[in-house]
Amino acid sequence: MRETTKKLTLSAMFIAIGMVLPFFTGQIPAIGKMLLPMHIPVFLCGLICGWQYGLVVGLVLPLMRSVVVGMPVLFPTAVAMAFELATYGFVSGLLYGRSRWQCVIALYRAILAAMITGRAVWGLAQIALLGLSGGNFTWQAFMAGAFFNAIPGIIIQLILLPTIMVALHRTGLVPFHKTQPMPENAE
């Protein structure tokens, strides 16, 4: 019960951070889109609280921010981002949580796998959403939106997320651990 309360509280904190963080980069929309500020709290939620919480925070955050602040635009941007960020929280939390050793290498594996999967899900969501509204989503638009325009944000995430997790480990708040192998005769 206490662990659930802690994870719910942290998830609420990550939603609050995700609501506020884009204000620091959003004054210049071109830069804000490149830095991907909402992605960071979703990744942290998945890594710290687990895939269930990361999935929900990723799903709720862009939709809530769209309704409350008006950015990102609800359709198709926030809806597609909801699928993308939910995938980030789910994949990073699942892979990191199931890693035999939770360390920097496991962090990078989880983050990179989540980035690739999340961007693929975003592309599929864009195809579906724009198809419903009579638009189209080209391969060039996918590559630009998912990778080329996002390079600064990807670099920031690859530096910042492990740095935060290592700092949390050093303070003892979120320690790395090794899973002990089960004895062969234990059931």
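Caption draft 1: Spotlight on helix α4 (residues 51-69). For α4, which comprises 19 residues, the first-to-last C-alpha distance of 27 Å matches the rise-based estimate of 27 Å (1.5 Å per residue) to within 8%. Along α4, the helix axis deviates most sharply at L61, where the bend reaches about 25°; the proline P62 sits within four residues downstream. The complete set of buried residues in α4 reads Y53, G54, V57, G58, L61, P62, R65 and S66. Buried residues belonging to α4 abut α1 (2-25), α3 (39-49) and α5 (74-97). Once α4 ends, the next one or two residues include G70, with phi positive near 90°.

Caption draft 2: Just the packing of helix α6 (residues 104-132) against helix α7 (residues 139-148), in detail. Two elements in contact, α6 and α7, have axes separated by 10 Å at closest approach and are oriented at 145°. Here α6 and α7 pass one another in a crossing that is right-handed. Of the residues in α7, those touching α6 at R119, A120, W122 and G123 are A141, F142, G145, A146 and F147. Residue composition of the contact of α6 with α7, by class: 6 nonpolar, 2 polar and 1 charged.

Caption draft 3: Region of interest: the side chain of R119. Here R119 is to be found in helix α6. In this structure the side chain of R119 is engaged in a polar contact, spanning 2.6 Å, whose partner is the side chain of Y88. Filtering out sequence-adjacent residues up to four positions away, R119 remains in contact with L36, E84, Y88, F142, A146, F147, A150 and I154.

Caption draft 4: Structural view of the environment of V57. Mapped onto the elements of the fold, V57 is located in helix α4. Exposure remark for V57: the relative accessible area of 2% places this residue in the buried category. Expressed as a C-alpha distance, the spacing of V57 and M13, which sit 44 residues apart in the sequence, is 10 Å. Residues contacting V57, with those up to four places away along its chain left out, are S11, F14, I15, V42 and C45.

Caption draft 5: Main features of the packing of aromatic side chains. Summed over all chains, the structure comprises 4 aromatic pairs. With a centroid separation of 5.3 Å and 90° between ring planes, the pair formed by W51 and F90 is classed as edge-to-face. Highlighted residues: W51 in helix α4 and F90 in helix α5, separated in sequence by 39 residues. Residue W51 is classed as partly exposed on the basis of its relative accessible area, which comes to 33%. By relative accessible area, which is 29% here, F90 ends up partly exposed. Taken together, W122, F142 and F147 form an aromatic cluster joined through their ring pairs.

Caption draft 6: Geometry of the nonpolar core. Counting residues in each nonpolar core, the largest one holds 34 residues, and the members touching the most others are F43, L47, Y96 and M165. Considering each element in turn, this core owes the most residues, 7 residues, to α3. In this structure, F43 is in contact with Y88, S92, I111, A114, M115, Q157 and L161, ignoring residues within four places of it in sequence.

Rules of the game
Residues numbered from 1 in each chain as written. Predicted model: local features only at pLDDT ≥ 70, side-chain atom pairs only at ≥ 80, totals over all residues. Heavy atoms only, no water. Helix = DSSP H or I, 4+ residues; strand = E, 2+ residues; numbered from the N terminus. Expected span 1.5 Å × (residues − 1). Bend = angle between axes of the 7 residues up to and from the residue. Buried < 20%, exposed > 50% of the residue type's maximum accessible area, 1.4 Å probe, protein only. Contact = heavy atoms within 4.5 Å. Axes fitted to C-alpha atoms, helices over the stretch in contact; angles between N-to-C directions. Left-handed = near helix turned anticlockwise from the far one by under 90°. Nonpolar A, V, L, I, M, F, W, Y, C, P; charged D, E, K, R; others polar. Polar contact = N/O pair within 3.5 Å; in protein donor to acceptor, adjacent residues only side chain to side chain. Phe/Tyr/Trp six-rings, centres within 6.5 Å; stacked < 30°, edge-to-face > 60°. Core = buried A, V, L, I, M, F, W, Y, C linked by side-chain atoms within 4.5 Å.

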